[in-house]
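Understanding the architecture of this molecule
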Amino acid sequence: MKTKKVIDHIVQWLDTYLDKSGLTGFVIGVSGGIDSAVTSTLCAKTGNPVLTLNMPIHQAKDQVSRSSAHIAWLEKNFDNVNGIDVELSPVFDQIKKSLPNHIQDGMTMANTRARLRMLALYAFASSHKMLVVGTGNKVEDFGVGFYTKYGDGGVDLSPIADLMKTQIYALGKNLKIIKDILTAPPTDGLWEDNRTDESQIGATYAELEWGMQYLESPQKESLSERQEKILAIYEKLHTTNKHKMDPIPVCRIPENFKK
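In this report, we go over the structure that sits alongside the text.

1. A closer look at the side chain of glutamate 140
Inspection of the secondary structure puts glutamate 140 in helix H6 (residues 138–144). The charged side chain of glutamate 140 is buried without a salt bridge, its nearest counter-charge being lysine 165 at 4.1 Å. At a separation of 3.0 Å, a polar atom in the side chain of glutamate 140 contacts the side chain of asparagine 137. A polar side-chain atom of glutamate 140 sits 2.8 Å from a polar atom in the side chain of tyrosine 205. The residues contacting glutamate 140, other than those within four sequence positions of it, are Asp35, Gly145, Phe146, Tyr147, Lys165, Asp197 and Tyr205.

Dropping the structure here:
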């Protein structure tokens, strides 16, 4: 991959999109992971105003510290970046008090965290007339659907969604993202036990990328037992989460019914 050319292309794309939108800059949630670190840095390189939000919800300390360190690094290197801490734990606790206990299963409340962060991002975006920038990569957004519908999937534009996770790490190294983020195991930050993406999915991102590319390839090789398992994981998640990736279905009414 021509990493420098990819970086320049995305930065130019962001700048052009913002200019056409008539808005003033970008808002992005920074999680302490590689995707948000790379995306926020690409936004910063446009020279346009960037708000970076650190939004902990009973977060593991290492996630918060990585997020804070990255925002501090951005502010040091880019005059157009402003970091903001938005402590959402009390808001989340109030939501838990308001919802019936019997619907508060793990996945429901994990998705609620993501949707609460989306609400905060759009509050800042609305007030500052900015765009909310997505941080999803290709295998998450179009492969296994590993994101929350109307949570981290609720964005205005997606600058890295045509890149695989491994490619985003290459961008991160080129952009000199801090080492702790480059080496941290990927996590969605939606669970208090600090579980990793791999522990939830059952496969690494490199394995999922292989599965995505294998299924798109016209040539099929013989597979190992592990590769068969990866394909099964990938295809199950892709099917289960397809509703996230497809446009919202609209019930079309025959014209003669409406007359």
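Moving on, there is more to tell.
2. Details of unusual backbone geometry
Non-glycine residue histidine 58 carries a positive phi angle of around 45°. Within the secondary structure, histidine 58 sits in the loop between strand S2 (50–54) and helix H3 (61–77). We note that lysine 129 has phi near 55°; this positive angle belongs to a residue other than glycine. When you line up the elements, lysine 129 lands in the loop between helix H5 (106–128) and strand S4 (131–132).

3. Side note on helix H11 (residues 225–240)
A rise of 1.5 Å per residue sets the reference length of H11, with its 16 residues, at 22 Å; its end C-alpha atoms lie 23 Å apart and thus fit the reference within 8%. For H11, every residue scored as buried is listed here: Ile230, Leu231, Ile233 and Tyr234. Down the axis, H11 shows its buried residues gathered within 160° of arc, on one side only. With respect to the buried face of H11, the exposed residues turned more than 90 degrees away are Glu225, Lys236 and Thr239. Contact partners of the buried residues in H11: H6, helix H9 (197–201) and helix H10 (205–216).

4. With respect to the packing of helix H1 (residues 3–21) against helix H7 (residues 165–174)
Taken N-terminus to C-terminus, the directions of H1 and H7 make an angle of 90°; their axes are 10 Å apart at the nearest point. Between H1 and H7, the interaxial angle falls into the category roughly perpendicular. Side by side, H1 and H7 meet where Thr3, Val6, Ile7 and Ile10 of the first sit next to Ala170, Leu171 and Asn174 of the second. A per-class count over the contact of H1 with H7 returns five nonpolar, two polar and no charged.

5. Points about the pairing of strand S3 (residues 81–85)
When S2 meets S3, the two strands line up parallel, connected through five bridges. Bridge pairing links valine 50 to valine 81 in S3. Regarding the hand of the β-α-β motif, the stretch spanning S2, H3 and S3 is right-handed.

6. What about the sheet that holds strand S1 (residues 26–29)?
Read from one edge to the other, the open sheet built from four strands follows the order S3-S2-S1-S4, with strand pairing classed as parallel. In this open sheet, the two strands that pair with only one neighbour each are S3 and S4.

7. Side note on the nonpolar core
One finds Ile10, Leu14, Phe26, Val38, Leu42, Leu171 and Ile177 to be the most contacted residues of the largest nonpolar core, which totals 30 residues. Where this core is concerned, the elements lending two or more residues are H1, S1, helix H2 (34–44), H3 and H7. With residues up to four places along the chain from it excluded, the contact list for phenylalanine 26 reads Leu14, Leu18, Cys43, Thr46, Asn48, Pro49, Val50, Leu51, Met130, Leu131, Val133 and Leu157. Residues Leu53, Leu116, Ala120 and Met130 belong to the second largest nonpolar core, which totals 16 residues.

Conventions we followed
Residues numbered from 1 in each chain as written. Predicted model: local features only at pLDDT ≥ 70, side-chain atom pairs only at ≥ 80, totals over all residues. Heavy atoms only, no water. Helix = DSSP H or I, 4+ residues; strand = E, 2+ residues; numbered from the N terminus. Buried < 20%, exposed > 50% of the residue type's maximum accessible area, 1.4 Å probe, protein only. Lys, Arg positive; Asp, Glu negative; His and termini not counted. Salt bridge = Lys/Arg side-chain N within 4 Å of Asp/Glu carboxyl O. Polar contact = N/O pair within 3.5 Å; in protein donor to acceptor, adjacent residues only side chain to side chain. Contact = heavy atoms within 4.5 Å. Expected span 1.5 Å × (residues − 1). Arc of directions from axis to C-beta. Axes fitted to C-alpha atoms, helices over the stretch in contact; angles between N-to-C directions. Parallel < 35°, antiparallel > 145°, perpendicular 65-115°, else oblique. Nonpolar A, V, L, I, M, F, W, Y, C, P; charged D, E, K, R; others polar. Pairing = 2+ DSSP bridges. Right-handed = clockwise from strand over helix to strand, strands pointing away. Core = buried A, V, L, I, M, F, W, Y, C linked by side-chain atoms within 4.5 Å.

Interpretation in functional terms is not warranted from these geometric data alone.
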